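Chains, contacts and geometry: an overview
As a plain string of letters, each chain reads:
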Amino acid sequence: MTKPTALVVDDEPDICELLELTLLRMGIDCHTADSLTAAKAVLLQHPDIDLCLTDMKLPDGNGIDLVQFIQERHPEIPTAVITAHGNMESAVLALKAGAFDFVSKPVDLGMLRSLVTTALKLSPKHQDNTPEAALTLLGNSAEIDNTRATIKKLARSQAPVHISGESGTGKELAARLIHEQGPRADKHFIPVNCGAIPEALVESEFFGHIKGSFTGATTNKDGLFQAADGGTLFLDEVADLPLHMQVKLLRAIQEKAIRPVGAHQESKVDVRILSATHKDLAQLVKEGKFRQDLFYRINVIELPMPALRARTEDIPPLIDHILRKLASDNGTSTPTIDETAVSSLQQYHFPGNVRELENILERAMTLCEQETIRVEDLQLIHSSPLEQPAPSSTTPQAIASQSLDPLLGNIEKETIEKALEQSKYNKTAAAKQLGISFGALRYRMKKLGL
């Protein structure tokens, strides 16, 4: 098997030699260059190079110039930039330009070896033997095609990605696809809902703790960063992180190191950070509720997820997929759905997006008769058609909904209980008395906890 080959670009002979020796010990052949011009010449002579490591400051340009040149001429070559210690602005600019990753001076050789190992997995020689990801984004719309193409490109980078979009658009699915299609696919993908961790425990959950560091810490415990080491950490609802934790998270991302609660020393971690929220992070920054420096660091690249109402042509294949999955999960046959019901779904506003479609279809499967879903089984809220925006929380309709829901639920519960008592708990007779189907009664009883 042919040895992998790297290009090392640095005008300091000592650093160039250190990098070359490290790579040679990893079984990687090296070409070296001391300038931007020399690096371009090597690339022209050796287009089969598998990896490039370049210093940021070069005599006739900088590392970002080389990153852009490689992106234009040799996009298959992952390029990592070596930056001055603490110069995160340069690192972020390099990542935005298309750099695979960055490493700070003084170079930590363990982190460098990890970076190189990950980068080499992007080589076509390696990818030929890599199975395709099992997950996929369904649909044939231009919006979803663009999203799939962007995910494929982002999977080749180690840059932090912030996935934005409304609730239910598939932000975690997109994060998993970036992980599965990238060089970290054989390592862990660790998702965490930042808003679900109690504030008093958030630091320990992220970074771990050592025995005796606080009351109840009876053993050493690894955190989420350690669990994701070598893989990907997905910070869902990152906007919900408390401000004091945002500071610590920023340092962990910038230094690629964490300090467990109660520990005296930091330990290096190799984690790719993906994040998501349905909130407007830029607005939260303006309001002082989210740190601008952390926003800048996690939002190196933004991936917006399209709303379902913006890709209505994808609704039929989504319906087919969801119904087959629900039937498989429940051990039942897959129901059909009539054309009028499909058309009605395509006209619906979907404030909850794909997740709401799943809920609507799950309910409809319970309510439908003769394994055919009709419009009335969908129980759509007709006040939210496609052409109208979803009501804001300050509209009379929203206020009424908030106050009437519990009241109507209690009335419905009492009515069903009375019908069951009168029919001596014969559900078929109770359903007939209420003028609804047996399936509808069963669904409402489950919903109301009866």
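This text gives an overview of the structure that appears in the document.

Rules used in this analysis
Residues take numbers from 1 onward in each chain, read along the sequence in its written order. At least 70 in pLDDT is required for a residue's local features to be given in this predicted model, at least 80 for side-chain atom pairs to be given and counted, and no such filter applies to totals for whole chains, interfaces and linings, which use all residues. Side-chain calculation: all heavy atoms of the structure are included, whereas hydrogens and water are not. Definition used in this section: a nonpolar core is a set of buried Ala, Val, Leu, Ile, Met, Phe, Trp, Tyr and Cys residues joined via side-chain atoms within 4.5 Å. Three exposure classes are used, based on accessible area relative to the maximum for each residue type with a 1.4 Å probe and protein chains only: buried under 20%, partly exposed in between, and exposed over 50%. Secondary structure counts use DSSP, requiring at least four H or I residues in a row for a helix and at least two E residues in a row for a strand, with both numbered from the N terminus. Two residues form a contact once any of their heavy atoms are found within 4.5 Å. Distance thresholds for patches are 9 Å for like charges and 5 Å for nonpolar side chains (Val, Leu, Ile, Met, Phe, Trp, Tyr), applied to residues having over 30% relative accessible area and no salt bridge. We get accessible surface area from the Shrake-Rupley algorithm with a probe of 1.4 Å; when it comes to residues, only the shown protein chains can shield them. Just to be clear on terms, a salt bridge is a Lys or Arg side-chain nitrogen sitting within 4 Å of an Asp or Glu carboxyl oxygen. Here the positive residues are Lys and Arg and the negative ones are Asp and Glu; neither His nor the chain ends is included. Charge placement uses NZ in Lys and CZ in Arg. For Asp and Glu, CG and CD serve respectively. N or O atoms closer than or at 3.5 Å make up a polar contact, with two conditions inside protein: a donor-capable atom paired with an acceptor-capable one, and, for residues adjacent in sequence, both atoms drawn from side chains. The span you would expect from a helix comes to 1.5 Å times its residue count less one. This arc is built from the directions going out from the helix axis to the C-beta atoms. Lines are fitted to the C-alpha atoms to define the axes, a helix being fitted only along its stretch in contact, and any angle between axes, read from their N-to-C directions, falls within 0 to 180 degrees. We call a crossing left-handed when the near helix sits turned anticlockwise from the far one by less than a right angle, and right-handed when that turn is clockwise. Under the scheme applied here, ten amino acids are nonpolar (Ala, Val, Leu, Ile, Met, Phe, Trp, Tyr, Cys and Pro), four are charged (Asp, Glu, Lys and Arg), and all others, including Gly, are polar. Whether two strands pair comes down to DSSP finding at least two bridges between them. Handedness of a crossover is defined as follows: with both strands directed away from the viewer, a clockwise route from the first strand across the helix to the second makes it right-handed. For classification purposes, an angle smaller than 35 degrees is called roughly parallel, one larger than 145 roughly antiparallel, one from 65 to 115 roughly perpendicular, and anything else oblique.

1. Describing the nonpolar core
Soluble, globular proteins show a tendency: their nonpolar side chains are buried together. Counting 30 residues, the largest nonpolar core has Phe206, Phe225, Leu233, Leu235, Leu241 and Phe290 as its most contacted members. Elements represented by at least two residues in this core include exactly β9 (189–193), α9 (202–207), α10 (224–227), β10 (232–236), α11 (243–255), α12 (281–286) and α13 (292–298). For this core, the leading source of residues is α11, giving five residues. Contact partners of Phe206, with chain neighbours within four places excluded, come to Cys194, Ile197, Gly223, Leu224, Phe225, Gln226, Leu235, Leu241 and Met245. Among the nonpolar cores identified, the runner-up in size contains 24 residues, and Ala327, Val342, Leu345 and Cys368 belong to it.

2. Quick word on a negative patch on the surface
On the surface, a cluster of negative charge is contributed by Asp11, Asp34, Asp60 and Asp65. Assignment of secondary structure puts Asp11 in the loop between β1 (5–9) and α1 (13–25). The exposure class of Asp11 is partly exposed, given its relative accessible area of 34%.

3. What about the side chain of Ser157?
Note on placement: Ser157 falls in the loop between α7 (142–155) and β8 (161–164). A polar atom in the side chain of Ser157 sits 2.8 Å from the backbone nitrogen of Ala159. Among all residues touching Ser157, those that are not within four sequence positions of it are Ala99, Phe100 and Arg272.

4. Focus: α7
Helix length check: α7, at 14 residues, gives a terminal C-alpha distance of 20 Å against a target of 20 Å (1.5 Å per residue), a fit within 8%. Turning to α7, its buried residues are Ile144, Thr147, Ile151, Leu154 and Ala155. Down the axis, α7 shows its buried residues gathered within 95° of arc, on one side only. Of the exposed residues in α7, the ones pointing more than 90 degrees away from its buried face are Asn146, Lys152 and Lys153. On its buried face, α7 is in contact with β8, α8 (171–180), β13 (272–277) and β14 (301–304).

5. Here's the deal with the packing of helix α14 (residues 315–330) against helix α15 (residues 339–346)
One way to put it is that α14 packs onto α15 with a least axis distance of 10 Å and a crossing angle of 115°. The way α14 lies across α15 gives a crossing that is right-handed. Across from Ile315, Pro316 and Ile319 in α14, the residues of α15 making contact are Val342, Leu345 and Gln346. In terms of residue class, the contact of α14 with α15 is made up of five nonpolar, one polar and no charged.

6. Some details on the sheet that holds strand β3 (residues 51–55)
Through backbone hydrogen bonds, the strands of a sheet pair up, either in parallel or in antiparallel fashion. Here we have five strands laid out as an open sheet, ordered β2-β1-β3-β6-β7, and parallel in their pairing. Every interior strand has two partners, whereas the edge strands, β2 (29–33) and β7 (101–104), have only one. Averaged over all adjacent pairs, the angle separating strand axes in this sheet is 20°, with direction ignored. When strand β6 (residues 79–83) meets β7, the two strands line up parallel, connected through four bridges. Paired with Ala80 across the bridge in β7 is Asp101. This element, helix α3 (residues 63–73), spans β1, β3 and β6 of the sheet and lies at about 155° to β3. Its contacts with the sheet place helix α4 (residues 88–97) against β6 and β7, and it is angled at close to 160° to β7.

7. Re the pairing of β1
Of all five residues that make up β1, five are buried, and the element is covered over most of its length. Burial along β1 is two-sided: Thr5, Leu7 and Val9 facing one way and Ala6 and Val8 facing the other are all buried. In this structure, β1 lies alongside β2, joined through five bridges in parallel fashion. Pairing of Leu7 across the sheet is with His31, part of β2. After leaving β1, the chain enters α1 and then returns to the sheet as β2, a path that is right-handed.

8. Regarding the sheet that holds β8
Taken together, the five strands give an open sheet; going across it, the order is β9-β10-β13-β8-β14, and neighbouring strands pair in parallel fashion. Strand pairing shows two members of the sheet lacking a second neighbour, β9 and β14, which therefore form its edges. Here the average twist between neighbouring strands, direction ignored, is 20°. Pairing analysis gives five bridges linking β9 to β10, with the strands arranged parallel.

9. Topic: the packing of α7 against α8
Between α7 and α8, whose axes approach to 8 Å, the crossing angle comes to 45°. In terms of their interaxial angle, α7 and α8 are classed as oblique. With respect to the hand of their crossing, α7 and α8 are arranged in right-handed fashion. Across from Ile151, Leu154 and Ala155 in α7, the residues of α8 making contact are Ala174, Leu177 and Ile178. Class assignment of the residues belonging to the contact of α7 with α8 gives a composition of six nonpolar, no polar and no charged.

10. Digging into α11
Residues that lie three or four places apart on an α-helix share one face, since the helix turns once every 3.6 residues. Over its 13 residues, α11 runs 19 Å from end to end, which matches the ideal 18 Å to within 8%, given 1.5 Å per residue. Buried within α11 we find Met245, Gln246, Leu249, Leu250, Ala252 and Ile253. Along the long axis of α11, the arc covered by the buried residues comes to 165°, so they all point the same way. Check the buried side of α11 and you find it contacts α9, α10, β10, β11 (257–258), β13 and α13. After α11 finishes, the residue Lys256 shows a positive phi value of roughly 55°.

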